[in-house]
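Each chain is listed here by its residues.
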Amino acid sequence: MCGIVGYIGDRQAAPILLDSLSKLEYRGYDSAGIAIRNAEEDVQVLKAKGRLNILAEKTDGGKAVTGTIGIGHTRWATHGEPSENNAHPHTADDRTVVGVHNGIIENYQKLKEKLTKRGYSFYSQTDTEAAVKLVDYYYRKYNCGPKDAISKAMVRIRGSYALVLMFNDYPDEIWVARKDSPMIIGTIKNETFIASDVPAILKYTRNVYYIDNLELARLTAGKAEFYNLDGDITDKELTEITWDAEAAEKGGFEHFMMKEIYEQPKAVGDTLNSMLTDGKIDFGKIGLSDDIIKNISQIYIVACGSAWHAGMVSQYVIEELSGTPVRVELASEFRYRKPILDRNGLVVVISQSGETADSLAALREAKEKGIRTLAVVNVVGSSIAREADNVFYTLAGPEISVATTKAYSAQLIAGYCLALQLGFSKGVLGEPEYMRMIAELQALPDKIEKILQDKERLQWFASKISNKKDVFFVGRGIDYAVSLEGSLKMKEISYVHSEAYAAGELKHGTISLIEDGTPVIGILTQGGLYEKTVSNMAECKARGAYLCGVTTYGNYETEETADFVTYVPKADEHFIGSLAVIPLQLLGYYLSVSRGLDVDKPRNLAKSVTVE
Ligand code: AGP
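Residues numbered from 1 in each chain as written. Predicted model: local features only at pLDDT ≥ 70, side-chain atom pairs only at ≥ 80, totals over all residues. Heavy atoms only, no water.

Around the ligand, 14 residues are found, and the nearest of them are S351, Q352, S353, T356 and E492. Here an oxygen atom of the ligand sits 3.1 Å away from a polar atom, N or O, in the main chain of S306. T404 is positioned such that a nitrogen or oxygen atom in its backbone is 2.9 Å from an oxygen atom of the ligand. For the ligand, whose accessible area on its own is 410 Å², the fraction buried by protein is 90%. When residues of the shell around the ligand are traced back to their parent elements, those giving at least two are helix 9 (305-322) and helix 16 (478-494). Of the residues in the shell around the ligand, the class split is 5 nonpolar, 7 polar and 2 charged. (Near = heavy atom within 4 Å. Polar contact = N/O pair within 3.5 Å; in protein donor to acceptor, adjacent residues only side chain to side chain. Areas by Shrake-Rupley, 256 points an atom, 1.4 Å probe, with all protein chains shown as cover. Helix = DSSP H or I, 4+ residues; strand = E, 2+ residues; numbered from the N terminus. Nonpolar A, V, L, I, M, F, W, Y, C, P; charged D, E, K, R; others polar.)

Turning our attention to the pairing of strand 2 (residues 31-37). With 7 of 7 residues buried, strand 2 lies mostly within the body of the structure. With 7 bridges connecting them, strand 2 and strand 3 (residues 43-49) associate as antiparallel partners. Within strand 3, the position partnered with A32 by the bridge is A48. (Buried < 20%, exposed > 50% of the residue type's maximum accessible area, 1.4 Å probe, protein only. Pairing = 2+ DSSP bridges.)

So, about helix 9. Each turn of an α-helix holds 3.6 residues, which means side chains three or four residues apart point in the same direction. For helix 9, spanning 18 residues, the distance from its first C-alpha to its last is 25 Å, which sits close to the expected 26 Å at 1.5 Å a residue. Helix geometry: helix 9 is bent most strongly at S314, by close to 25 degrees. With 14 of 18 residues buried, helix 9 lies mostly within the body of the structure. Just past helix 9, the residue G323 takes up positive phi, approximately 70 degrees. (Expected span 1.5 Å × (residues − 1). Bend = angle between axes of the 7 residues up to and from the residue.)

As enumerated under the stated definition, the model contains 18 aromatic pairs in all. Taken together, the aromatic side chains of Y120, Y137, Y138 and Y142 make up a single cluster linked through ring pairs. Directly above the aromatic system of Y142 lies the positively charged group of K152, at a separation of 4.5 Å from the ring centroid. The ring of Y495 has R603 lying over it, and the distance from NZ or CZ to the ring centre is 3.8 Å. (Phe/Tyr/Trp six-rings, centres within 6.5 Å; stacked < 30°, edge-to-face > 60°. Lys NZ or Arg CZ within 6 Å of the ring centre and 35° of its normal.)

Let us look at the packing of helix 13 (residues 406-425) against helix 18 (residues 577-594). Two numbers describe how helix 13 lies on helix 18: the axes approach to 11 Å, and their chain directions differ by 165 degrees. Judged on the interaxial angle alone, helix 18 and helix 13 are roughly antiparallel. Two packed elements cross with a definite hand, and for helix 13 against helix 18 that hand is right-handed. Mapping the contact onto sequence places Y408, S409, L412 and Y416 in helix 13 and G577, S578, V581 and Q585 in helix 18. When its residues are assigned to classes, the contact of helix 13 with helix 18 shows 4 nonpolar, 4 polar and no charged. (Axes fitted to C-alpha atoms, helices over the stretch in contact; angles between N-to-C directions. Parallel < 35°, antiparallel > 145°, perpendicular 65-115°, else oblique. Left-handed = near helix turned anticlockwise from the far one by under 90°. Contact = heavy atoms within 4.5 Å.)

Applying the stated criterion across every chain yields a total of 34 salt bridges. For E387, the salt bridge is made with R364, and the minimal N-O distance between the two is 2.4 Å. Of the two residues, E387 sits in helix 12 (residues 383-387) while R364 sits in helix 11 (residues 357-368), which places them 23 residues apart along the sequence. Here R436 makes a salt bridge to E440, at a shortest N to O gap of 3.9 Å. Taken together, the residues span about one helical turn, with R436 and E440 both in helix 14 (residues 431-452) at a distance of 4 residues. Overlapping salt bridges bring together E173, R218, K223 and E225 as one network. (Salt bridge = Lys/Arg side-chain N within 4 Å of Asp/Glu carboxyl O.)

Take the side chain of T394 next. Take T394: it is sitting in the loop between strand 22 (390-393) and helix 13. Judged by relative accessible area, which is 2%, T394 ranks as buried. Other than its neighbours up to four places away in sequence, T394 contacts T271, V376, V377, N378, A410 and Q411.

Glancing now at the nonpolar core. Ranked by internal contacts, the top residues of the largest apolar core, which has 89 residues, are F283, I299, L420 and I521. With 11 residues, the top contributor of residues to this core is helix 13. Residues in contact with I299, not counting those within four places in the same chain, are I318, T324, P325, V326, R327, L346, V348, L418 and L422. Counting residues in each nonpolar core, the second largest holds 33 residues, with Y26, A195, A200 and F256 among its members. (Core = buried A, V, L, I, M, F, W, Y, C linked by side-chain atoms within 4.5 Å.)

For the pair helix 9 and helix 13, interaxial distance at closest approach is 8 Å and the crossing angle is 20 degrees. Considering the angle they form, helix 9 stands roughly parallel to helix 13. Regarding helix 9 and helix 13, the two cross each other, and that crossing is right-handed. Residue-level inspection shows S306, A307, H309, A310, V313, S314, V317, I318, L321 and S322 of helix 9 in contact with helix 13, the latter providing Y408, Q411, L412, G415, Y416, L418, A419, L420, L422 and G423.

The analysis is restricted to geometry; functional conclusions fall outside its scope.
Written out as structure tokens, the structure is:
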């Protein structure tokens, strides 16, 4: 998705903006640009299609553009093809207003028609240009200041925006406005920074403001004044970001993804510990008392991608440990299907970024129906976090690689905690069993560490299948839910087509795709289902498949059927999905590396899908 940045202070703005934009590259983009106001108060706008280094070359690393105030942007095309012309910043005529934007202006065509009738013309196909010119229109028509012009535009605009604007007549200010798209504002001494996400400004400050929906702000050097849509000043607390700058760097690993795979023990342990009080899980910390929890009639888990896969695992665990019915829904379906929800239910929206448009919309759909909502998110202050009734923060830290790993593992912990607390508060789980299971969760980090010590086996297997065109992941129960994640990891970063299948379903059609040498990866951690899945794998082998088994130490008979077996430590079967997924993450990673691909920034993908 698009990345926005801004700077106002006493240093040259361009190099800072380019550096900040480089920390947002993971969001996915196809062009970039900056606008800098120089000492003569002229605004220079420089844009380039393609990677950020092209813009950096064009501006000699920013040194060719002088000025201490500026804005910048990396664009992920939504309206209009990737081009320099469509790249941001966008300007009103004679540059009275210059702006960058992340989000989607849904009624931009109508706005363009309105503005065209009033003499405006448009040089780009973007919705952003319409937004910038709408602000300009109100600014001129009412001869009002930036605050009123922006407020009037916000009333007219439908859609999402994180808008950053400079006004010619206000050379020492930057104005911002937000609805639904992410934005943070950092200050330190007499410098102010704006960005879509924390990694962009961590190098400069850890003190940030989170601007809320339908708020705007006037930013000057080291200061931020916030207003609501009525133009009233609103107070804001500074939040200190605890993530260290290097946490957003690679920390010695070749790719963010491997660094984040290695951070999983910590992410799992920190997330679990954040929910414990005196050794017991305490949802009261996030406003969900045991009284509330024990009266929850039904759980609806709504998410996208890997977060949805975490929901699929959680469904089995919650139902088995608490007897509470669980429905798992894709957010993009949920938001349009007019879901029938039980008033005493709980809608759980899982989202690493907390900005996924479909998941945010699903959250709002649930709230409109008066159902309590719980967000499971990784980014503090994200839109989904701020709009849910209750928030369970996964403490995975900044996840930069587009392919999620540590955030997914932390989301599983959230699901397990909910399952245990539902079971315990409903009296389905006795205290001894409840405490035993908490101990099982506390043992997961060390077990993940152990698997990582064995990662070269997966590197070897990845090299063996690196020229394959189709790979199948199969499993039953929790193993099936985990296979979904293994398949996505492989697809999204190695571009090898794969499918996850309930092992028992293969014979209903898909097994016809099995050819000589087709890799079939069977997840085999659920004792009661082990034999059945092994026999499904044997059926594939009879048709030429090359079998890989993922199972627990001790199940050495698996090697009688599978050509290659990788083992994970034993654990309570409700939670062993957290272990089985690790080899699958490593397999996807090594396959991508073996194919020489951009592991952290795979083609066509963005870290946070903030548009529909
Ligand atoms: C997972 O590796 C992908 N990056 C993608 O499926 C992701 O999980 C999905 O887009 C949901 O993102 P969210 O968790 O930020 O809402």
